[in-house]
Amino acid sequence: MRERLEVLRERDFVFFLSAKLLVTLAAEMVNVAVGMQVYELTGDLLALGLVGLAQFAPFVLLILPAGQVADRKERSRIIAFCYVLQATASAALLAITLSGMHEVLLVYAVLVLLGCARAFMMPASQAVLINLVSAPRFAQAVALHSSSFHVAVIVGPMLGGLVYLGGPEAVYITSTTLFASAVVLMSRVRSGVPQASGDAGSGDAGAVFEGLRFVFSRPIILGAVSLDLFAVLFGGMIGLLPAMATDVLHTDATGLGILRSAMAVGSALAAAALVWHPIRRHVGYWMFGGVGLFGAATVLFGLSTSLWLSVFALALAGAGDMVSVYVRHILVQHETPDAIRGRVSAVNSVFIGASNQLGDFESGVAARLLGLVPAVVFGGAATLAVTGAWIRFFPVLAHMDLFPHLRTATSAAGEAEQSTHGS
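In this text the structure is predicted, and so the values were computed from the model without any measurement.

Colleague: Where do I start with the overall build of the chain in this structure?
Modeller: In terms of regular secondary structure, the chain is built from 17 helices and zero strands. Counting only residues that meet the buried cut, the chain has 57% of its 423 residues in that class. A total accessible area of about 16800 Å² is found for the chain, and carbon and sulfur atoms account for 67% of it.

Below is the structure:
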């Protein structure tokens, strides 16, 4: 046990992890409240899709410059500032609710601010983790970070659903307090300014796109991040959960909280398993298998009319997604020089953001055109089709046995042993 938790001796990592837990709790509570509020105000499935689009539009416009900022400034300071913006947005939602205004456009305007915060937070957060721990503890830090994150995702929606019984204003008071606490914790983290190399410190437009060029020059990284983009773009169903909960499963805000938590339960269990048994062999098999499981579970969720069968399906989807995320994160971070890690993380964040926020919008449009249940089932089937296509398009990733950095270390060790025997 002590060996497994050695990463908790890293002071900055502990503060970072604690702040991330609070922020995730707060964000999930806000998601529940906003989803319920918008659906109650409009009763429109497309309006739920616009919740995702309102956050994605500023995100996709700002994310590449945000990656450049993450390579020039101290990443921990960037993250702390983004937490301040999220606290401000939560307070604004509270003010809108208390004022009695029922204009949904005001809610969308605040979500735009959240999208701006996410744009600068994601590349800095992804790039900073490897700066907070020693190299031998990085894989463990990834698994523990993911596990803790998903524990918060489990508790957050359930807590949000329960607190929402006291009204959306109760949710926003709680989330604002949690965001503010995270700011205090994150202010104690010191990650250092990234080392400049090549054009890392340059402010020209070409440097902003360096991460994009790097990703497209590495088939392994391109295959990993684009697989997540298209799979979750079609298979994402989170934006439709309020409608599924109300119209198909006939449950209330508490039931919605349970549904939103179910996917995180599967993710957290998978992440906990990876802490104790990290993936070492058959990397490609695990990654594509995880995405395939996500697609199949999405189909099951769409066909289910039982709350608990739906919870089980979402948990399976979360487990599959966690395996894919774990493999992708290790691939991207180890294969990227620190000088451009922020910009490469920004590109990765574009793919993640597109698959989540734009996926919510796609789900809303599909539900309007096809109907609620057919849209979810179609999305899961499309994810399975994407998985099969990517196995063919990126065979080097599909047939990967060891992570590249482990393969290099193993080869070096073998050459050293042969040299020793030869001498």
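There's more to say after this.
Colleague: When you look at helix 1 (residues 11–42) in this model, what are you seeing that I'm missing?
Modeller: The α-helix advances 3.6 residues per turn, and as a result positions three or four apart in sequence lie on the same side. With 32 residues, helix 1 should cover 46 Å at 1.5 Å per step; its first-to-last C-alpha distance of 47 Å lies within 8% of that length. Positive backbone phi, approximately 65 degrees, marks Gly 43, located one or two places after helix 1.

Colleague: Whenever I open this one, the packing of aromatic side chains confuses me. Can you help?
Modeller: Two aromatic rings, taken as a pair, are described by how far apart their centres are and by the angle between their planes. Evaluated as defined, the whole model comprises four aromatic pairs. Ring plane angle 40 degrees and centroid distance 6.1 Å describe the contact between Trp 390 and Phe 394, whose orientation is recorded as tilted. Look at Trp 390 and you get buried, because its relative accessible area is 12%. Through a chain of ring-to-ring contacts, three or more aromatic side chains come together here, namely Phe 230, Trp 390, Phe 393 and Phe 394. If you follow Arg 118 out to its NZ or CZ, it ends over the ring of Phe 59, 4.7 Å from the centre.

Colleague: Before we go on, may I ask you to explain the packing of helix 2 (residues 45–70) against helix 4 (residues 104–132) in this structure?
Modeller: Pairs of packed helices are described in terms of their axes, by the angle between the two and the distance that separates them. For the pair helix 2 and helix 4, interaxial distance at closest approach is 6 Å and the crossing angle is 35 degrees. Crossing of helix 2 over helix 4 shows right-handed handedness. Broken down by class, the residue content of the contact of helix 2 with helix 4 amounts to 21 nonpolar, three polar and one charged.

Colleague: Sorry, what's going on with the state of the cysteines here?
Modeller: Put plainly, two cysteines are in a disulfide when a covalent bond ties their sulfur atoms together. Considering all chains together, one arrives at zero disulfides under this definition. No disulfide involves Cys 116; its sulfur sits 9.8 Å from that of Cys 82, the nearest cysteine. Exposure remark for Cys 116: the relative accessible area of 21% places this residue in the partly exposed category.

Colleague: Quick question: what am I supposed to make of the side chain of Ser 226 here?
Modeller: Topologically, Ser 226 is positioned in helix 9 (residues 219–235). Within the local environment of Ser 226, its side chain forms a polar contact with the side chain of Trp 390, the two groups lying 2.8 Å apart.

Colleague: What am I meant to see in the environment of Ala 382 here?
Modeller: Note that Ala 382 resides in helix 15 (residues 372–393). Overall, Ala 382 belongs to the buried group, its relative accessible area being 13%. Sequence-wise, Ala 382 and Ala 296 are 86 residues apart; in three dimensions their C-alpha atoms are separated by 9.9 Å.

About the cut-offs
What you see as residue numbers is a count from 1 along each chain, following the sequence as written. Where local features are concerned, this predicted model is filtered to residues with pLDDT of at least 70; where side-chain atom pairs are given and counted, the filter is 80 or more; whole-chain, interface and lining totals use all residues. Only hydrogens and water are removed before side-chain values are computed, so all heavy atoms of the structure are retained for them. Secondary structure elements are defined from DSSP: runs of H or I of at least 4 residues count as helices, runs of E of at least 2 residues count as strands, and each element is numbered from the N terminus. Any residue under 20% of the maximum accessible area for its type is buried, any over 50% is exposed, and the rest in between are partly exposed; the area is computed with a 1.4 Å probe on protein chains only. We get accessible surface area from the Shrake-Rupley algorithm with a probe of 1.4 Å; when it comes to residues, only the shown protein chains can shield them. Here the expected length of a helix is defined as 1.5 Å per residue gap, with one fewer gap than residues. For Phe, Tyr and Trp, where Trp contributes only its six-membered ring, two rings pair if their centres lie within 6.5 Å, and the inter-plane angle classes them as stacked under 30 degrees, edge-to-face over 60, or tilted in between. Two thresholds decide whether a charge sits over a ring: the Lys NZ or Arg CZ must be within 6 Å of the ring centre and within 35 degrees of the ring normal. Axis lines are fitted through C-alpha atoms, for helices just across the contact stretch, and the angle between N-to-C directions can take any value from 0 to 180 degrees. Handedness of a crossing follows from how the near helix is turned relative to the far one, being left-handed for an anticlockwise turn of less than a right angle and right-handed for a clockwise one. Classification used: nonpolar for Ala, Val, Leu, Ile, Met, Phe, Trp, Tyr, Cys and Pro, charged for Asp, Glu, Lys and Arg, polar for all others including Gly. Cysteine sulfur atoms that pair up within 2.5 Å are treated as a disulfide. We define a polar contact as two N or O atoms separated by no more than 3.5 Å, with the added condition that, inside protein, one atom must be a possible hydrogen donor and the other a possible acceptor, whereas residues neighbouring each other in sequence contribute only through side-chain atom pairs.

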